[in-house]
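# Secondary and tertiary structure notes
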There are 2 protein chains.
Amino acid sequence: MNIKISEQEELLFLLKTLSNQLGPKFERSTNLSLSRFELLYQLIQYSEISQSNLQKIVNIDHAAITRHLKQLESDGLVSRRRNPADNRETIVQLTEEGYKQIMSCQKDKLSFANQMFQQFSDVELQSLMVMLKRIQENIK
Amino acid sequence: MNIKISEQEELLFLLKTLSNQLGPKFERSTNLSLSRFELLYQLIQYSEISQSNLQKIVNIDHAAITRHLKQLESDGLVSRRRNPADNRETIVQLTEEGYKQIMSCQKDKLSFANQMFQQFSDVELQSLMVMLKRIQENIK
DNA sequence: GCTCAATGATTGATAGCTCAAATAATCAAT
DNA sequence: ATTGATTATTTGAGCTATCAATCATTGAGC
């Protein structure tokens, strides 16, 4: 029992530590923070999307979304406008420049990910993903 | 190839998101942030330890360690003193109060961890741990 | 039409983290 | 003994994240 608990505890710490180390390293590799990368990346798929829908996809707090997008807008990477059909919503879209930027990061991101998951088999990646998603469900 | 990359990407995002969600939830359950919990928890094992050694164990930036310990000291949970044998070092130790506090969190932490790893077998926990450690190595 | 609840976005407060630079003490080698 | 490199801690700057509160808009029910 005691051993099992320690293991859980260690995993808890490890998850946090790993993520703390991951962020800065990713940013140094790609010149884009992980969150901003994710936002831009999602905007490639959905050519237009409201902030609140974007928020549901990336699972970051509303407030953080607003701040990121405002900054990305002033950097010229996305455009934002009110939805005429529902003035509460803000619709976000990649600009030409934003598209170029995210595309030019792809190579760096790829090599970062390759290093990160060096010697992981597809089966392992899959199983890791499933476990992390289970944890996410468990703490909801 | 393309599929595999997406999977890596998703894992990257998932790790960050999970950790972002984990911290606040842990804190709400235990009234102690995950980092501070970890610091106090380590101090149970090593009755006395220098800040730099503690830093190596918990893998948080020096600066953050200093700030946490200063706050914990002013909360009366740890005591700090210079090492007479080497005046560069600060030696940290749990106080009576700190010991009581960390012990009273144990139950909450345990139930949090149990919920988080609900329906995980020992084998799964083990494999998860190994994979996360491998990632940590890979990005060093 | 009007009120009231809901939804979406924003802002303010607070806290965590990293990195880089500064300070202070120790130690090694001349 | 002095200089110079190393080690430990601290402080400052800059991000990102959460939570709570606020504001505007929409929509449902009377």
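Above this text sits the structure in question.
If you're wondering where the values come from, they're calculated on a predicted model, not measured in any experiment. (Residues numbered from 1 in each chain as written. Chains lettered and ligands numbered in written order. Predicted model: local features only at pLDDT ≥ 70, side-chain atom pairs only at ≥ 80, totals over all residues. Heavy atoms only, no water.)

Here we take up the overall build of chain A. Within chain A, the regular secondary structure consists of six helices and three strands. Along chain A, from the amino end to the carboxyl end, the secondary structure elements read α-α-β-α-α-β-β-α-α. Projected onto its principal axes, the C-alpha coordinates of chain A cover approximately 60 × 35 × 25 Å. In chain A, once contacts between residues fewer than 6 apart in sequence are set aside, the share between residues at least 24 apart is 50%. Here chain A displays about 7300 Å² of accessible surface, and carbon together with sulfur accounts for 47% of that area. Charged side chains of chain A number 18 positive and 17 negative; the gap between the two group centres comes to 3 Å. (Helix = DSSP H or I, 4+ residues; strand = E, 2+ residues; numbered from the N terminus. Contact = heavy atoms within 4.5 Å. Areas by Shrake-Rupley, 256 points an atom, 1.4 Å probe, with all protein chains shown as cover. Lys, Arg positive; Asp, Glu negative; His and termini not counted. Charge placed at Lys NZ, Arg CZ, Asp CG, Glu CD.)

Taken together, the neighbourhood of DNA strand D is formed by 27 residues, with Ser35(A), His68(A), Arg28(B), Arg67(B) and Lys70(B) sitting nearest. When the atoms of DNA strand D within 4 Å of the protein are sorted by group, sugar and phosphate make up 71%. Arg36(A) is positioned such that a nitrogen or oxygen atom in its side chain is 2.9 Å from a phosphate oxygen of DNA strand D. Between DNA strand D and the protein, one listed contact pairs a phosphate oxygen with a side-chain N or O atom of His68(A) at 2.3 Å. At the level of elements, α2 (34-45), α4 (62-74) and β3 (86-94) of chain A together with α1 (2-30), α3 (51-58), α4 (62-74), β2 (78-83) and β3 (86-94) of chain B are the ones that each hand at least two residues to the surface near DNA strand D. For the surface near DNA strand D, the element with the most residues is α4(B), which contributes five residues. (Near = heavy atom within 4 Å. Polar contact = N/O pair within 3.5 Å; in protein donor to acceptor, adjacent residues only side chain to side chain.)

The next thing to look at is the sheet that holds β2(B). The pairing of strands in a sheet happens through backbone hydrogen bonds and is either parallel or antiparallel. Residue and element names in this part refer to chain B. Ordered by their spatial adjacency, three strands build an open sheet running β1-β3-β2, and the pairing between neighbours is antiparallel. Every other strand in the sheet has two partners, leaving β1 (48-50) and β2 as the edge strands with one partner each. Strand-to-strand twist across the sheet, computed as the mean angle between neighbouring axes with direction ignored, equals 30°. (Pairing = 2+ DSSP bridges. Axes fitted to C-alpha atoms, helices over the stretch in contact; angles between N-to-C directions.)

Time to look at the pattern of salt bridges. Applying the stated criterion across every chain yields a total of 18 salt bridges over all chains. Lys133(A) is paired through a salt bridge with Glu10(B); the nearest N and O atoms lie 3.0 Å apart. Linking Lys133(A) in helix α6 (residues 122-138) with Glu10(B) in helix α1, this pair reaches from one chain into another. Looking at Glu10(B), the relative accessible area reads 36%, which means it is partly exposed. Where Glu137(A) meets Lys140(A), a salt bridge forms, and the shortest distance between an N and an O atom there is 2.9 Å. (Salt bridge = Lys/Arg side-chain N within 4 Å of Asp/Glu carboxyl O. Buried < 20%, exposed > 50% of the residue type's maximum accessible area, 1.4 Å probe, protein only.)

On to the protein's contact with DNA strand C. Near DNA strand C lie 26 residues; those nearest to it are Arg67(A), Lys70(A), Ser35(B), Asp61(B) and His68(B). Between DNA strand C and the protein, one listed contact pairs a phosphate oxygen with a backbone N or O atom of Ser52(A) at 2.6 Å. A distance of 2.4 Å is found between a phosphate oxygen of DNA strand C and a side-chain nitrogen or oxygen belonging to His68(B). Secondary structure elements with two or more residues in the surface near DNA strand C: α1 (2-30), α3 (51-58), α4, β2 (78-83) and β3 of chain A together with α2 (34-45), α4 and β3 of chain B. A per-class count over the surface near DNA strand C returns five nonpolar, nine polar and 12 charged. (Nonpolar A, V, L, I, M, F, W, Y, C, P; charged D, E, K, R; others polar.)

Glancing now at the pairing of β2(A). For a regular strand, side chains alternate in direction, first toward one face of the sheet and then toward the other. Residue and element names in this part refer to chain A. Pairing of β2 with β3 involves six bridges; the strand directions are antiparallel. Note on β3: the bridge partner recorded for arginine 80 is valine 92. Between β2 and β3, which pair antiparallel in sequence order, lie two residues.

Residues and elements named next belong to chain B. α4 packs onto α2 with a crossing angle of 75° between their chain directions and a minimal axis gap of 11 Å. Taken together, α2 and α4 sit at an angle that is classed as roughly perpendicular. Touching Ser35, Arg36, Leu39 and Leu40 of α2 are Ile65, His68, Leu69, Gln71 and Leu72, all from α4. Split into classes, the residues belonging to the contact of α2 with α4 amount to five nonpolar, three polar and one charged. (Parallel < 35°, antiparallel > 145°, perpendicular 65-115°, else oblique.)

Ranked by size, the top nonpolar core spans 78 residues in total, and within it Leu128(A), Leu132(A), Leu128(B) and Leu132(B) carry the most contacts. In contact with Leu132(B), not counting residues within four places along its chain, are Leu11(A), Leu14(A), Leu15(A), Leu18(A), Leu128(A) and Leu15(B). (Core = buried A, V, L, I, M, F, W, Y, C linked by side-chain atoms within 4.5 Å.)

Structural alignment of chain B on chain A gives an RMSD of 0.1 Å, achieved by rotating through 180° and translating 0.0 Å along the axis. Put plainly, the chains are arranged around a two-fold axis. A share of 100% of the interface residues of chain B reappears at the interface of chain A, consistent with the copies meeting face to face through the same patch. (Least-squares fit on C-alpha atoms with pLDDT ≥ 70 in both.)

So yeah, pure geometry; function would need other evidence.
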